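Now for the letters of each chain:
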Amino acid sequence: MKAIIIDDEPDCVKLLALQLKMYCPQVEVIAECTGSEEGLNAIRSNTPDVVFMDIEMPKMNGFQLLEMVGDLNFAVVCVTAYDKFAVKAFKFSAIDYLLKPTDAKDLIAAVQKVERSRRVDSRQIELLKQHLSPAKLFPEKIALPHQDGVIFVELKNVLYCEADNNYTWFYVANGQKYLVSKTLRDIQDTLEERNFLRVSRQHLINLDHIAKFMKGEGSYVIMTDGQSITVARSQKEKLVERFGWL
C-alpha cells in the first residue's frame, strides 16, 4: 500500500514513518508532508491507498484539505491528539484514527482495517466534521462499517442494538438489520449520549422507540416494532430516572 503522511509536527511525521517501516512493511510511505498545502500537492501528484493525516493544522485543516481533493479514492486515518470525548466522533463516523503518541498495536490494527476497505466515503468525513465543530452539531445519521463498505442509517430509525459476541446487530425501523464488526460496549460508548440506554448485557435501546414498560420482578420493555426486551435489575432504576417515572 502506498501511504502519505501529513502533519504539521515534523517529529510526528518522522516517528509515524519509522513505525510503519518497522511494524507494517506492506506499507510504502511515498510522501512525508509537514503542511496541509504540501500534503494536498502530494495527494494530487500521486495515487495513495491511504493518507495518515492530522486534523488540526494551520492555514488549512484536514477537512478543508479533503474538500480540496474532491473525490476520495483512498482511505483516511486521522492521527490526532484529541481527548476521549472527541474520540467518540471518530467512532460515530466510522473513521479510523490513531491517538498521539501512536501505539504500535493500534497502528497495525488501523492498517489491517485499511487493507479490508481502501477508501473513505465523503459522508463519513462530513459526519466527523459535524461532531468536532465548535457548535457541537448532532448529526442525524450514523455510519456503520459493513462487509461491503459503510451504511448510513438515520439515528432516529435505530430501534435497538443486540450483542452477538464481538459483533452487534442494528435493528432499524424499516425492518432491516445490519451486522457491525464492533462490540456492543463500543456501540454503547458512542450512542448513550444520543438517548440510547444499555438495559442488559445483550441490548442497547433507543428510548424514543419504547412503546411500553412493564414493571415488576421481570421488568421488560416493548419496542415500537413489538419486540420485548428484558431490563436487567441493575438497569431498571436508570431507565426509570431517564423518564422520571414513578
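Look a little higher up for the structure.
Residues numbered from 1 in each chain as written. Predicted model: local features only at pLDDT ≥ 70, side-chain atom pairs only at ≥ 80, totals over all residues. Heavy atoms only, no water.

1. Details of the overall build of the protein chain
Just so we agree on the cut-off: Helix and strand definitions here come from DSSP, where helices need a minimum of 4 consecutive H or I residues and strands a minimum of 2 consecutive E residues; each element is numbered from the N-terminal end. Working definition: with a 1.4 Å probe on protein chains only, accessible area under 20% of the residue-type maximum means buried, over 50% means exposed, and in between means partly exposed. Whether two residues touch is decided by their heavy atoms; if any such pair falls within 4.5 Å, the residues are in contact. Surface accessibility in these figures is a Shrake-Rupley result with a 1.4 Å probe; residues are shielded only by whichever protein chains are displayed.
Tallying secondary structure elements over the protein chain gives 8 helices and 15 strands in all. The buried share of the protein chain, taken over its 246 residues, is 46%. By sequence separation, contacts in the protein chain at least 24 residues apart represent 55% of the contacts at least 6 residues apart. Counting only carbon and sulfur atoms, one obtains 47% of the accessible surface of the protein chain, whose full area is about 13300 Å².

2. Brief notes about the pairing of strand β13 (residues 210–214)
Along any regular strand the residues' side chains alternate between the sheet's two faces. For clarity, the cut-off: Whether two strands pair depends on DSSP finding at least two bridges between them.
Here β13 pairs with strand β14 (residues 220–223) via 4 bridges, running antiparallel. Each residue of the ladder has a partner; that of Ile210, found in β14, is Met223. Counting the residues between successive antiparallel strands, the hairpin from β13 to β14 contains 5 residues, one of them, Gly216, with a positive phi of roughly 125°.

3. Re helix α7 (residues 184–191)
Put simply, the test is: Of all possible arcs, the one meant is that of the directions from the helix axis to the C-beta atoms.
Residues of α7 that are buried: Leu184, Ile187, Gln188, Thr190 and Leu191. Around the axis of α7, the buried residues are gathered within 165° of arc, so they sit on the same side.

4. As for the sheet that holds strand β8 (residues 158–164)
Where we set the bar: Throughout, an axis means a line fitted to C-alpha atoms (over the contacting stretch in the case of helices), and angles, computed between N-to-C directions, take values from 0 to 180 degrees.
As summarised here, the arrangement of the 5 strands in space is β10-β9-β8-β12-β11, forming an open sheet in which the pairing is antiparallel. Edge positions in the sheet fall to β10 (177–180) and β11 (196–198), since each of these pairs with one other strand and no more. The mean inter-strand angle of the sheet, taken between neighbouring strand axes irrespective of direction, is 20°. Bridge count between strand β9 (residues 167–172) and β10: 4 bridges; the pairing is antiparallel. In the sheet register, Thr168 faces β10, and the bridge partner there is Val180. Against the sheet, α7 contacts β8, β9, β11 and β12 (203–206), and its axis sits at roughly 30° relative to β12.

5. Concerning the packing of helix α2 (residues 36–45) against helix α3 (residues 62–69)
The criterion, for reference: Our angle categories are set so that under 35 degrees counts as roughly parallel, over 145 as roughly antiparallel, 65 to 115 as roughly perpendicular, and the remainder as oblique. For a crossing to be left-handed, the near helix must be turned anticlockwise from the far one by less than a right angle; the clockwise case is right-handed. Here the term charged refers only to Asp, Glu, Lys and Arg, the term nonpolar to Ala, Val, Leu, Ile, Met, Phe, Trp, Tyr, Cys and Pro, and the term polar to all other amino acids, Gly among them.
It is at 10 Å that the axes of α2 and α3 come closest, and there the two elements cross at 30°. Judged on the interaxial angle alone, α3 and α2 are roughly parallel. Crossing of α2 over α3 shows right-handed handedness. Of α3, the residues touching α2 (which contributes Ser36, Leu40, Ile43 and Arg44) are Leu65, Met68 and Val69. Looking at the contact of α2 with α3, its residues break down into 5 nonpolar, 1 polar and 1 charged.

6. What about the pattern of salt bridges?
Here is the rule we go by: Between Lys or Arg on one side and Asp or Glu on the other, a salt bridge is scored when a side-chain nitrogen of the former is within 4 Å of a carboxyl oxygen of the latter.
According to the stated counting rule, one finds 6 salt bridges in the structure shown. Measuring nitrogen to oxygen at the nearest pair gives 3.2 Å for the salt bridge that ties Lys100 to Glu9. With Lys100 in the loop between β5 (96–99) and α5 (104–116) and Glu9 in the loop between β1 (2–6) and α1 (10–23), this residue pair connects regions lying 91 residues apart in the sequence. Here the salt bridges share partners, and the residues they tie into one network are Asp7, Glu9, Asp54 and Lys100.

7. A look at the pairing of β8
Extensive coverage of β8 is indicated by the burial of 5 of its 7 residues. One ladder, built from 6 bridges, connects β8 with β9; its direction is antiparallel. Bridge pairing links Ala163 to Thr168 in β9. Connecting β8 to the next strand, β9, in antiparallel fashion are 2 residues, including Asn165 with a positive phi near 60°. Inspection of the sheet shows β8 paired to β12 by 3 bridges, in the antiparallel sense.

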